[in-house]
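Per-entry structural report
Now for the letters of each chain:
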Amino acid sequence: MNFSEVLRVSGGGPGGAGVAWSPDGRLVAWPAAPARLEVRDTATLQVLVTFTCVDAIQEVEWAPDSCYLLTACYKRGVVEVWAVGDPDWRGKVEEGAAGLVKARWAPDSRHILTTAEFYLQISIWSLVNKSIAYIRQPKGVPQGVSFSPGGEYLVVAERREGKDSLSLFETTSWQIVKNFPVCTKNLAGVLWAGSTTNPSTATTSTPSAMTGGVLAVWDSPLQYLVALYSMSGHCMARFSAYEMALGVWDVCWAPSGQFLAITSFDNKIRLLNHLTWGVVAEFPHTTTITTTSSTSTSSATVYREAKTPLTGYPATLACARGLPTPLTSVAYHEETSRPITLATQPSQPPAQAPRSPPALAFSRDGRYLATRRWDMPGVVWVWDVGRVCLKAVLVQEEAVKDMAWDPRHTRLALCTGGPHLYLWTPLGTVAVTVPHAPHLCVSALRWHPFGRSLILNGKTHLSVCFLDPPRAPLQPPRPPQDSQG
């Protein structure tokens, strides 16, 4: 594990929106003061090309083919498009008086979707023939737009005459192919099977043929309701765990599309299977972990963060380098005593799942599920989906700001707003301090598409951590087989 020097970054929105790896893994881009975009080589971090923007950059996103990238300045309603191979080429999209709240690439890398303020419309801009298509009055929810895993279709949530509905569009012509009502009272989100709500955790897995055309919709937190629809508009299943209490917090598909994880305000995770859409597992976020063999949490390993002051030669060396005091080292300590009580913090339930950190996230192979509880901001739970049990609990001293799975290996990264990086694998945990960066406040994590490195992003500075692939678990030796004469 090696760290780059601390580099300055300017602008960028919340959750690390201003830093982005190219999908092919060759380049990385982030904004630099005052309004420049720097594109660097991922191996050496050498600046390859610089683009000058009209104003401070709030979001950066690469096209899926890694040939273009866009920069968004939402306060001015402007999106600029840049070609890495042709620095002299430039595109510009302006929403004008309608304003701008979101910009994203279409899967074909030749169209850009922009959402106007107050969700008045979604505009689809073509970079090929400069044509514009419109989707009028989409519903004003952050998770109301989703592309199919293959990119052939776009689903948009709508609300007209007090009723929720979904509209399907073909992404080659942007013509509507289907519109159908859904059973929600106040739809909060829609998600294709096999897709993800967090771009930093996207994987290369594809959903199975049985779930590739399944849409999950869920109601607002005021009601526990999740429904599964086919592309034809047929309601395949409805699920409601309880009534008369706060309901769904967030929803996440497994990479294969075979499981749908639902987290709710009763502090439980429920897994639905893709065959019957029934509950196959229920993971409780209990406040006490005991040794009772009948519970799914009894075999969990609990890792608690511990910060200790530096003494001796490490402290002397740090002071000689001019690092501020007090100086501390960070590490995980495994707790073996039982029972273990996890403290809760009284707070108001969030109105919706924040962009960062996610409430729940599957590992790349779908074997593990990392979850959070809304009143335990410093605790992360890692569940073994195959064995239907709790694998580990990570207890941090500070609230978790972001968590992200390695897109190629079974490795989970955490940050808590300080100059520290926390990693969990099935073999154990690692907690390290970013060298020579006492003022780095890491609030967002961005994995390299192939898991080779990890960006530790703060508000004004960042550092890149270069990682080696994790070692495979050691297999016990096989006993010798007697030869048969």
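It should be noted that the structure appears before, not after, this text.
Overview of the structure. Along each chain, numbering runs from 1 in the same order as the chain's sequence is written. The model is predicted, so local features are restricted to residues of pLDDT at least 70 and side-chain atom pairs to those at 80 or more, both for listing and for counting; the totals for chains, interfaces and linings are taken over all residues. The basis for the side-chain values is all heavy atoms of the structure; hydrogens and waters are excluded.

Overview of the overall build of the protein chain
Our working definition: By definition, any uninterrupted DSSP run of H or I lasting at least four residues is a helix, any uninterrupted run of E lasting at least two residues is a strand, and each is numbered from the N terminus. Classification of residues uses two cut-offs on accessible area relative to the type maximum, computed with a 1.4 Å probe and protein chains only: under 20% is buried, over 50% is exposed, and between them is partly exposed. For this analysis, residues touch if any pair of their heavy atoms sits within 4.5 Å. For the area figures, the Shrake-Rupley method with a 1.4 Å probe applies, and any residue is considered shielded solely by the protein chains shown.
Scanning the protein chain from N- to C-terminus turns up one helix and 41 strands. Scored against the burial criterion, the 485 residues of the protein chain give a buried share of 51%. Put simply, 49% of the contacts in the protein chain that link residues at least 6 apart link residues at least 24 apart. Accessible area of the protein chain: about 22100 Å², with a carbon and sulfur share of 51%.

Quick notes on the nonpolar core
For soluble globular proteins, nonpolar side chains are generally found buried alongside one another. The condition that has to hold: Definition of nonpolar core: a set of buried residues of the types Ala, Val, Leu, Ile, Met, Phe, Trp, Tyr and Cys, connected through side-chain atoms within 4.5 Å.
Counting 27 residues, the largest nonpolar core has Leu271, Leu342, Phe362, Leu369, Trp381 and Val393 as the members making the most contacts within it. The set of elements that each furnish at least two residues to this core consists of β23 (248–253), β25 (268–273), β26 (279–284), β31 (360–362), β33 (376–384) and β34 (389–395). Element by element, the count of residues in this core is highest for β33, at four residues. Discounting residues that sit within four places of it in the chain, Phe362 has contacts with Cys252, Trp253, Ala254, Pro255, Ala261, Leu271, Tyr368, Leu369, Val385 and Trp405.

Side note on the environment of Ser296
Counting through the fold element by element, Ser296 comes out in the loop between β27 (288–289) and β28 (301–309). Classification of Ser296 as partly exposed rests on a relative accessible area of 21%. For the pair Ser296 and Asp384, spaced 88 residues apart in the sequence, the C-alpha separation amounts to 9.9 Å. Residues contacting Ser296, with those up to four places away along its chain left out, are Pro284, Trp383, Val388, Cys389 and Leu390.

Digging into the pattern of salt bridges
Going by this rule: Salt-bridge detection follows one rule: a side-chain nitrogen of Lys or Arg within 4 Å of a carboxyl oxygen of Asp or Glu.
In total, this model carries 18 salt bridges according to the counting rule given. Ionic pairing is found between Arg76 and Asp55, a salt bridge with its closest N-O pair at 3.8 Å. Taken together, the residues Arg76 in the loop between β8 (68–73) and β9 (78–83) and Asp55 in the loop between β6 (47–52) and β7 (59–62) connect sequence positions 21 residues apart. Residue Arg76 is classed as partly exposed on the basis of its relative accessible area of 48%. Two residues, Glu335 and Arg304, come together in a salt bridge whose shortest N-O distance is 2.3 Å. Of this pair, Glu335 sits in strand β29 (residues 328–335) while Arg304 sits in strand β28, and the two are 31 residues apart along the sequence. Since its relative accessible area comes to 21%, Glu335 is described here as partly exposed. By relative accessible area, which is 27% here, Arg304 ends up partly exposed.

By themselves these figures say nothing about function.
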